Amino acid sequence: MTAKKLLVVSDIHGAMAGAELVLDALRTHNPDLILCLGDILYHGPRNDLPATYAPKQVIPIMNGLKDRIIAVRGNCEAEVDQMVLEFPVMGDYNILPFLDRKIFMIHGHVYGPAKLPVLNEGDIFLSGHTHIPTAHQKDGIYLLNPGSVSLPKENHPPTYGLFDETGFTVYKTDHTPYMHIDL
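Report on the accompanying structure. What you see is a predicted model, and the numbers here were worked out from it, not measured in a lab.

With that settled, the discussion passes to the pairing of strand 9 (residues 159–164). Of all six residues in strand 9, six are buried, a share of seventy percent or more. What you see with strand 9 is no split at all: Thr159, Gly161 and Phe163 on one side and Tyr160, Leu162 and Asp164 on the other are buried throughout. Here strand 1 (residues 6–9) runs beside strand 9; their pairing, made up of three bridges, is antiparallel. Counted as the bridge partner of leucine 6 is phenylalanine 163 from strand 9. Of the pairings in the sheet, the one linking strand 9 to strand 10 (residues 167–172) comprises six bridges and is antiparallel in character. Its bridge partner being in strand 10, threonine 159 is matched across the sheet by lysine 172. Between strand 9 and the antiparallel strand that follows it, strand 10, lie two residues.

Right under this line is the structure:
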C-alpha cells in the first residue's frame, strides 16, 4: 500500500494538549500514517514547561498509535524515551516515497533548511525543531515544517501538517488551514 494521506506532527514535548491534538487530527483527517518529527516526551532545557506537561500520560497515547507512526529522533529524545515508547524513535532521519517524489524527514537539528542533505528537484525536506510552520520551495526542493502541536514560537498557533493529493497543508487546532503549498 502506498500512503496517500500523511499526518505530520512535531514537538509534542510531553504536553497532553499536543497529544490530544494528534488524536483529534487523526479523527478529523483519517490519515494512512503519522510522521512524527521528534521531541515527543521531554520539553528540553531551552523551552518553557508546557502548560499541560504530562509525559507519563502522553506515553500511552503515543504507544496506542505505534502501528501508524514513523518517527525520527528529536534533539530532546534520549535512550530512556525509547525504553518507554513502543515504536522506533532514535533514527536521525527517514526517507519515504510519496507520490512521485521522496520525503526526507528529520527533526531539523542535524540537517536543516540552511544545510540540506542531497535531494533531487521536487523532493521534500520535512523537518520540525524550530516550532515555526513553513511551506515553501527553494531551488526546486520543498521545505516543509508542521510547526509545533504544543509549544509554537513567533506568535504562531499550535499546528500540525497533512500531506494529501492537494499538497501539504498546515492546520490550526480547530482544523482550519493555516498555510498550504501545492506539490
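The next point concerns the packing of helix 1 (residues 16–29) against helix 2 (residues 55–63). Their axes nearest at 9 Å, the elements helix 1 and helix 2 cross at an angle of 15 degrees. Here helix 1 lies roughly parallel to helix 2, going by the angle between them. As helix 1 runs across helix 2, the sense of the crossing is left-handed. Side by side, helix 1 and helix 2 meet where Met16, Ala19 and Leu23 of the first sit next to Gln57, Val58 and Ile61 of the second. For the contact of helix 1 with helix 2, the residue count by class is five nonpolar, one polar and no charged.

Here we come to the layout of surface pockets. In this structure, the largest pocket spans a volume of roughly 150 Å³. Forming the boundary of the largest pocket are 13 residues, of which Arg46, Asn47, Asn75, His129 and Lys153 lie nearest the centre. Taken together, the residues that form the lining of the largest pocket break down as two nonpolar, seven polar and four charged.

For asparagine 63, the position within the fold is in helix 2. For asparagine 63, a relative accessible area of 9% translates into the label buried. With near-sequence residues (within four places) excluded, asparagine 63 lies in contact with Val84, Leu85, Glu86 and Phe87.

How each quantity is defined
Residues numbered from 1 in each chain as written. Predicted model: local features only at pLDDT ≥ 70, side-chain atom pairs only at ≥ 80, totals over all residues. Heavy atoms only, no water. Buried < 20%, exposed > 50% of the residue type's maximum accessible area, 1.4 Å probe, protein only. Helix = DSSP H or I, 4+ residues; strand = E, 2+ residues; numbered from the N terminus. Pairing = 2+ DSSP bridges. Axes fitted to C-alpha atoms, helices over the stretch in contact; angles between N-to-C directions. Parallel < 35°, antiparallel > 145°, perpendicular 65-115°, else oblique. Left-handed = near helix turned anticlockwise from the far one by under 90°. Contact = heavy atoms within 4.5 Å. Nonpolar A, V, L, I, M, F, W, Y, C, P; charged D, E, K, R; others polar. 1 Å grid on protein atoms, 1.4 Å probe; cavity = no way out; pocket = protein on both sides within 12 Å on 5 of 7 lines; lining within 4 Å. Points joined across faces, edges and corners; volume = space filled by probe spheres on them.

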